[in-house]
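Coordinates in review
So the chains spell out like this:
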Amino acid sequence: MIIFENVEYTYPNGFKALSSINLEIKDGELVALMGENGAGKTTLLKHLNGLLKPSSGRVIVNGVDTRHATVASLSRDVGIVFQNAEDMFFSPTVWEEISFALHNFGYQEEVIKKRVGWALKFMELEDYRDKSPFLLSGGEKKRLALAIVLAWSPKIVALDEPTVGQDVLQKEKMIQIIRQANQQGKTIIISSHDVEFIADLQPRIILMSKGKIIKDGYAEEVLTDLSLLKECRLIPPQMVSLTYELGFLGIKPHLGQPEDIALEIIRRLR
Ligand SMILES: Nc1ncnc2c1ncn2[C@@H]1O[C@H](COP(=O)(O)OP(=O)(O)OP(=O)(O)O)[C@@H](O)[C@H]1O
Ligand SMILES: [Mg+2]
């Protein structure tokens with residue numbers, strides 16, 4: 001369980017990036033943080049593992065007040081895959097990059113081998129195991145960043161802009177990985193501007209703007225609210241725009257599969 005109680009955060013230069021954040025995320029939830037550039041999504045995620053501590057208010061993660069815990073201890077339960085994957089790299093090889101955290105958490109060599117092998121396979125990075133992380137392509141770096149976190153299997157996985165630089169195949173795979181991890185009981189929190197990707201996942205959506213939460217609801221409700229999306233500088237999902245245009249047929253804006261919408265149009269025209 002994650003609880004934000006009246007959280008405010010001001011960066012050292014005096015910029016207030018979060019204000020009046022009240023939020024509860026239950027175990028096993030799938031949540032998307034959406035909102036314009038600079039809305040405060042990354043700042044909020046960094047509070048989950050104590051990288052940032054609230055300037056006022058409290059963040060409680062699995063019963064622990066983050067102000068009284070170290071990043072190292074919180075990280076066992078919370079893995080954050082950063083927006084800029086390179087921020088997570090410092091090892092000479094992909095293999096060592098993934099095994100580093102596992103060594104730190106004190107896993108035995110045999111277990112480490114198994115977990116790193118699994119993560120490399122799962123993220124299709126086996127061919128790069130001895131390569132420098134810095135020499136991977138942008139999309140591969142993102143996958144490595146996710147492999148690092150999945151290898152230690154934290155209960156809460158936060159993904160900051162996971163689809164940036166990913167091709168269609170990798171995006172579909174990302175959706176499968178997220179669903180699978182969520183079905184295994186993990187809490188997943190994704191920050192993303194990618195409305196189509198989020199529409200596919202159908203999560204609870206927390207919309208942020210200028211450091212505040214302006215809406216908290218399920219995908220169908222949030223992604224069909226065109227004026228709200230505009231306020232957060234988000235492009236509506238294509239199916240929502242299409243069904244909006246079909247209003248003259250008595251169709252309401254909604255998320256849906258193209259086949260279903262085509263059938264709806266045929267039915268209405270008959
Ligand atoms: N280290 C910092 N010092 C001062 N201000 C910062 C710092 N990091 C971020 N900010 C500011 O805080 C605000 C929130 O930034 P944040 O990175 O949380 O936004 P975001 O919602 O993740 O945006 P994006 O969609 O661009 O990733 C921005 O206005 C940003 O300029
Ligand atoms: Mg961000």
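What counts, and at which threshold
- Once a new chain begins, its residue numbering starts again from 1 and follows that chain's sequence as written.
- Key to labels: chains lettered from A, ligands numbered from 1, both in the order written.
- Two thresholds apply to this predicted model, a pLDDT of at least 70 for residue-level local features and 80 or more for giving and counting side-chain atom pairs, whereas whole-chain, interface and lining totals are computed over all residues.
- Remark: C-beta atoms are placed from the backbone, and a residue is labelled buried if 20 or more other C-beta atoms sit within 10 Å of its own, exposed if 12 or fewer do, or partly exposed between those counts.
- Here a strand is any run of E in DSSP of at least two residues, a helix any run of H or I of at least four, and the numbering for each starts at the N terminus.
- Throughout, the arc means the angular range of directions from the helix axis out to the C-beta atoms.
- Remark: residues whose backbone-derived C-beta atoms lie within 7 Å of one another are considered to be in contact.
- Domain start and end points were adopted from an automatic or database domain assignment.
- Note that Gly is not counted as nonpolar here; it falls among the polar residues with everything else outside the nonpolar set of Ala, Val, Leu, Ile, Met, Phe, Trp, Tyr, Cys and Pro and the charged set of Asp, Glu, Lys and Arg.

1. A short note on helix H10 (residues 238-245)
- Those residues of H10 not exposed but buried are Met 239, Val 240 and Thr 243. One side of H10 carries all its buried residues, which in axial view fall inside an arc of 100°.
- Buried positions along H10 lie against helix H11 (258-269).

2. Points about the domain arrangement of the chain
- Looking at the chain, the domain boundaries give domain 1 (2-228) and domain 2 (237-270).
- Distance from the C-alpha centre of domain 1 to the C-alpha centre of domain 2: 34 Å.
- With 8 residues of domain 1 at the contact, the number on the domain 2 side is 7 residues.
- Elements with a contribution of two residues or more to the side of domain 1 that touches domain 2: helix H7 (195-201) and helix H8 (219-222).
- With 3 residues, H7 is the largest single contributor of residues to the side of domain 1 that touches domain 2.
- The residue inventory of the side of domain 1 that touches domain 2, partitioned by class, reads 5 nonpolar, 1 polar and 2 charged.

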